[in-house]
Amino acid sequence: MNKTLDLETLASLCKRRGFIFQSSELYGGINGFWDYGPLGCELKRNIKDAWWKAVVRTREDVVGLEASIIMHPAIWKASGHADGFADPMVDCKDCRKRFRADQLCEEQGVELIKTEATFALPDGVQCPACGSKNLTPPRSFNLMFKTFVGPVEDETNVAWLRPETAQAIFAQFSNIVATARQKVPFGVAQMGKSFRNEINPRNYTFRSREFEQMELEFFIRPDEAVELICGHVTQLDDKPDLMGPPQASWGWNVWLHYWIEQRLTWYRAIGLPEADLEQYWQVGDELAHYARACVDIEYAFPFGVQELEGIAARADFDLTQHQTHSGKHMDIFDETLKQAAAKLDDPAREAFTRKVVTDWTRQGKSEEDARAFVAKLFDGKYIPHVIEPSAGTDRLALALLSNAYDEETFTDHKGKTDTRTVMRFHPSIAPIKLGVFPLVKNKPELYGKARDIFAQLQRRWNCFWDESGAIGRRYRRMDEAGTPWCVTVDFQTLDDDTVTLRERDNMQQVRLSLSDLVDKLDAEIG
RNA sequence: GCGGGUAUAGCUUAAUGGUAAAGCUCCAGCCUUCCAAGCUGGCUAUACGGGUUCGAUUCCCGUUACCCGCUCCA
């Protein structure tokens, strides 16, 4: 990344050129909300299109979903968001530190007092930092936005804006299985707005209260089913080819690493340098209790290395939760598995069962559950496990903006130094692909030719017409917008239908025919 | 949510208890045969709400937003 870039410089350019505005600026702004201007919305659209293309369209094993933002509140009870998002907090009035009330009480061996909707601290609870007993009452900080469905605002009509897009995929899992003609392993992808009432939005658009996610739930067989079908489970030690086509024998950990590689490859393809991407593996307490593993893909933002995407192995936690809460089974039937199981004789079945029981009990699960699970496997049924790559679109837009920003100082042939601000977007995500200019605007023949060429190119790509000011100024304006190429129509064009193509990054020009131009752009934009 | 700081035009800055200035950008026109050229003209600002005052952009209070440090990030 550009080490000298600070967020205010970037924010200033984003406003000046129309990438990002403060939401509701006319009325003083509103904390944690941002708008994307003409260039910003093109950038975001390109990001989403690129993700959709990579994750859904170019794969046979992923389908899409677009669910409503407001869903049945029971979904958030099943997922744990309704409770987990409502931790009561206390502040120390003396040293001004803040703590979770339930943790504070637990540490000090007392019980947090709960009534219907409020909490209270028992007497004698102290601030662990300074020892003061001068604490505020516990206050809930529910991170979900609450609203009411229908005109009556009472507790029976409460609903929440979704805090993540993922849950809808689980909630619609059965419908998708019934209609998509997919077999496990397969994935369901969704992009869309999510809302979290963050206590403290910070770092420009990085942590916003309304944000967009691009999430994939990739459903896989439990390792035990893989073993029944393939006779073995491929582990990382077997050195599977993660860049090649997925294999039926892969265990969950191989699938996790496969998706990490897929996602890193994609980030590099849209222009984030490998050196600025990091993996952070969550350990111990950081890991949600149900997660087997979670890796954050992080980017070196101007304000520090921060998460772009989390890729989690969540086992069958979510579908099981919805099965429990809804009372509807989430098993899928796997013909291949049933046939594999049918080939086992009784001793082989018994040996397999003993092995699973041993594994499960070692993990602290009950023998009864293990036996029930195996019995279902033999019938070809299981609840799929899931690998969840979950990316933040706005964070990625900010990363791409940070990465693209560059200032270039050079001395021209007259000995004058000049600074050029240039957004070096990868062509695939650049808001405008091409600037189209007449060299001068007061020659009707030239002007008309340039308009014709513009109209032709505009059918394929987002192009920008500019006729005002000197040609150099027009190039520089496109540099700040991050437009990778500019086409200038000059007098030679009238003779031989060639144009000059000026490249943003090196400011070099080449002359080429219109058909060569189209081929070149096709190849480079992708 | 706490503490500190900041708020003048699209951007960067100036000035002032009494007509808010400039550069760049932007727009229009002229000119212009390739890197922010020149000339002419134009649009645009004291974050919001109170208070003190004859008069407040300036002093005071509150609010909002942004930045930094805590906190938070299920």
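The structure presented is a predicted model; accordingly, all values stated were derived computationally and were not measured.

Observations concerning the pairing of strand β18 (residues 385-392)
So, step 1. Taken across its eight residues, β18 has eight buried, putting it largely inside the fold.
So, step 2. Alternating residues of β18 divide into His-385, Ile-387, Pro-389 and Ala-391 and Val-386, Glu-388, Ser-390 and Gly-392, and every residue in both groups is buried.
So, step 3. The pairing of strand β12 (residues 210-220) with β18 spans six bridges and is antiparallel. What sits directly across from Met-214, in β18, is Ala-391.
So, step 4. Strand direction decides the pairing type here: strand β15 (residues 304-315) and β18, joined by six bridges, are antiparallel. Looking at β18, one finds that Ala-315 is bridged to Val-386.

Here we look at the protein's contact with RNA strand B
So, step 1. Taken together, 43 residues surround RNA strand B, and among them Gln-22, Arg-196, Asn-200, Arg-207 and Gln-509 come closest.
So, step 2. Taken together, the sugar and phosphate atoms account for 49% of what RNA strand B places within 4 Å of the protein.
So, step 3. The side chain of Asn-31 places a nitrogen or oxygen atom 2.6 Å from a phosphate oxygen of RNA strand B.
So, step 4. Take Glu-480: an N or O atom from its side chain is 3.5 Å from a base nitrogen of RNA strand B.
So, step 5. Looking at the surface near RNA strand B, the elements with two or more residues in it are α1 (7-17), α4 (81-84), α16 (471-481) and β24 (498-503).
So, step 6. Considering every element that reaches the surface near RNA strand B, the biggest residue donor is α16, with seven residues.

Quick word on the environment of Ser-68
So, step 1. Relative to the assigned elements, Ser-68 resides in the loop between β3 (62-64) and α3 (73-79).
So, step 2. When its relative accessible area of 43% is taken as the criterion, Ser-68 is described as partly exposed.
So, step 3. Counting along the chain gives 161 residues from Ser-68 to Ile-229, while the straight-line C-alpha distance between them is 37 Å.

A look at the domain arrangement of chain A
So, step 1. One can read the domain layout of chain A as domain 1 (37-73 + 148-333 + 384-400), domain 2 (86-142), domain 3 (335-379) and domain 4 (432-525).
So, step 2. Once you take the C-alpha centre of each, domain 1 and domain 4 turn out to be 40 Å apart.

Section: the side chain of Thr-234
So, step 1. Structurally, the position occupied by Thr-234 is in the loop between α8 (223-230) and α9 (252-269).
So, step 2. The class for Thr-234 is buried, based on a relative accessible area of 8%.
So, step 3. At a separation of 2.6 Å, a polar atom in the side chain of Thr-234 contacts the side chain of Ser-249.
So, step 4. Dropping the residues within four chain positions of it, Thr-234 is found in contact with Pro-240, Ser-249, Trp-250, Gly-251 and Val-254.

Conventions we followed
- Residues numbered from 1 in each chain as written.
- Chains lettered and ligands numbered in written order.
- Predicted model: local features only at pLDDT ≥ 70, side-chain atom pairs only at ≥ 80, totals over all residues.
- Heavy atoms only, no water.
- Buried < 20%, exposed > 50% of the residue type's maximum accessible area, 1.4 Å probe, protein only.
- Helix = DSSP H or I, 4+ residues; strand = E, 2+ residues; numbered from the N terminus.
- Pairing = 2+ DSSP bridges.
- Near = heavy atom within 4 Å.
- Polar contact = N/O pair within 3.5 Å; in protein donor to acceptor, adjacent residues only side chain to side chain.
- Domains from an automatic or database assignment.
- Contact = heavy atoms within 4.5 Å.

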